[in-house]
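Take a look at the letters that make up each chain.
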Amino acid sequence: MTINFNGLATGIDTASLIDGLMEVERKPVETLKLDRDYQNARLDAYKTLGNALTELLGKVRDLAKADDLQGRKSQVTGEPLVSVSTTTSSAMEGSYQIKSFSFAQVEKDISQGYADKTAASFGTGTITVTVGGVSHDITIDSTNNSLEGIVGAINDANLGIMAAIINDGTTSPYRLVVSGKTAGDPADVGFDIDFSGLTGGSYANPVLTETQQASQAHVQVDGVDIYSNSNVFTDAIPGVTFSVDQADGGATTATLTVTIDRDATKNKIKSFVDSYNKIMTFVSSQSAKDGQNAGVLAGDAGMNSIKRRLQNLLTTVVDTGGSFQSLADLGLETQRDGTLVVDDTQLSDAIDRDLDSIVSLLAGNDTTEGIATKFETTLESLTDDSTGFLTSREESINRTIERINANIERIQDRLDKREQRLLDQFNAMETLVSALNAQGDYLTQQMTMLQNMWSKK
C-alpha cells in the first residue's frame, strides 16, 4: 500500500495538486461519457418509436382481416332465458326465437340418516354400482364398513359418481349423498347403487332416494329441439355461443338478434388513427420549434424515412371496385403536423352506406391489396426482430456504446496508472526533502555546537 505524505516535508498540498492534474487528463473520459449518454438516449428514442410502430402494426392487422371488420354482435330481448358469451364473424345475421325447457344437470341421490358416521356398523360384502348400464362391484370389509368408509370406497372406485356425507341436524343426522359427475341423458350418465350385497352389521343398508334426475339442457331454436350435456350451446346458432340462464319448460320465448357490429368497425379505424398519431407526434417532438431543444433523433434520416413511408401509404389510392378508394373517403384528414383527424359523421355514413366497400378498401380482395394490408407489410419489415430497420439501428447504436465503454475502460486504466505514478513521484520527493531537511537540521545542530565551543575559549 502506498503511503501519501501529502506535503509533510515540502508543505505542498500534493493531493490537491494531483487531483488538479488528473482532472485535466480525465477530460477525454468525460467527453466519452457524454457521448455514451447521447447514444443511450438515441437508443431509448428508437425503442419508443419501435414500440409505437409495433402498436400500429397490431391495429392495421385488425383492419387487414375482412372477418374482423365484419364483426357481429348479439342481443337478447324478451325473456332473459339465455345469455350470449361469444359471437363470431361467421354468425348469420337475423333473429332467432328461443325457448328453454330444462337445464343440464347430474343425478343426485340421498340415503336415510345414521347416528354415527365413523361406526363400523354396516355389513360386509359388495356394493354394486351401475353407471350408464355398466355394473361394478365395490368390496366392503371390516376396514371400511362405516359410513365414512363406504364414501371413501365409492370415491376411490372412480366410476363417474361422487359420494359425500351431509349433516341434517336431526338425531340421526348423517346421510349419504351420491351425485353424478356428468350431466346428460339418464340412460348414459344415470346410476344405481345396490347395497343388498352387504350382510350383517347393526346399521340397515342405505336406501337411496333420487332427489334430482340427470338430464340434458334442452332448448328450442326456431322450433328445432336442441340438446346439450352442458348449459352452454355452441352450435345451436352458427357462430354464436350462449348459455341457459332460466328453464321454464318452454313456457316463454326469448329473441336473440345477430347484427353487424358497426361500432366495432368504427372503433378499429379510430384506434388505427390514434396509433398513427402517436408516431407522428413522436417524430414531431424530435424537431426544434418554438424555442425548444431538438430531440436526439432530430434530422435522423431513418426516422424521417419511416415518416415519409407511412404518409405515402396513408394517401394510397386503391381501386377494389367499391364505393371508396382512399382513407380520405372514410373521413380521415391529415393535419399540418402530420397527425390525422376523423370526421365521425362521414365515417359513420360510410359504414352504414357500404361496409363491404370499406372492407375491400382496407383488407383488399382476391385481385387487389388493401391499404391496411400494405401498411401491414411495411410495418412488418420495419419491426422484424432479425432484419428490420429498427433492429439494425439498435444493433448499430449498441456497438457504438460498446466501443465507447471499451475506450473509457482503456483510458481509465491508463489514468489510474498515471495517478499512481504521480503519487509515487510526489511521495519520493517528500521523502527526499524530508531527508535533506533532516541533514540540514543535523548540520545546523553541529554548527551551533561548534560556535558554543569557540565562544567559551
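Residues numbered from 1 in each chain as written. Predicted model: local features only at pLDDT ≥ 70, side-chain atom pairs only at ≥ 80, totals over all residues. Heavy atoms only, no water.

Naming follows an unreviewed UniProt entry, where the protein chain appears as Flagellar hook-associated protein 2 of Geothermobacter ehrlichii. The record held by UniProt for the protein chain lists under Subunit (unreviewed entry) the comment "Homopentamer." (UniProt positions renumbered as here; feature names shortened; annotations may be inferred.)

Enquirer: Kindly report on the pairing of strand β3 (residues 94–102), identifying the contributing residues and their values.
Expert: With 5 bridges joining them, β3 and strand β16 (residues 254–260) adopt antiparallel strand pairing. Directly across from Y96, in β16, lies its bridge partner L256. As paired strands, β3 and strand β12 (residues 217–221) are joined by 4 bridges and run antiparallel to one another. Bridge pairing in β12 links S100 to V219. (Pairing = 2+ DSSP bridges. Helix = DSSP H or I, 4+ residues; strand = E, 2+ residues; numbered from the N terminus.)

Enquirer: Explain the nonpolar core residue by residue, including any values.
Expert: Formed by 49 residues in total, the largest nonpolar core has its most connected members in F272, L310 and L330. Only α2 (27–63), α6 (262–285), α7 (301–314), α8 (344–353), α9 (355–363), α10 (371–383) and α11 (389–455) provide two or more residues apiece to this core. Per element, the largest residue contribution to this core is 10 residues, and it comes from α2. The contact partners of L330, leaving out residues within four places of it in the chain, are I269, F324, D343, Q346, L347, A350, I358 and L361. Core analysis: the second largest hydrophobic core is formed by 23 residues, V129, I140, I154 and L159 among them. (Core = buried A, V, L, I, M, F, W, Y, C linked by side-chain atoms within 4.5 Å. Buried < 20%, exposed > 50% of the residue type's maximum accessible area, 1.4 Å probe, protein only. Contact = heavy atoms within 4.5 Å.)

Enquirer: Explain the sheet that holds strand β8 (residues 174–180) to me, and be specific about the residues and the numbers.
Expert: Read across the open sheet, the 4 strands follow the order β7-β8-β4-β11; overall the sheet is antiparallel. Edge positions in the open sheet fall to β7 (161–167) and β11 (209–212), since each of these has one partner strand only. With strand direction ignored, the average angle separating the axes of adjacent strands in the sheet is 30°. When strand β4 (residues 108–114) meets β11, the two strands line up antiparallel, connected through 3 bridges. Bridge pairing in β11 links I110 to T209. (Axes fitted to C-alpha atoms, helices over the stretch in contact; angles between N-to-C directions.)

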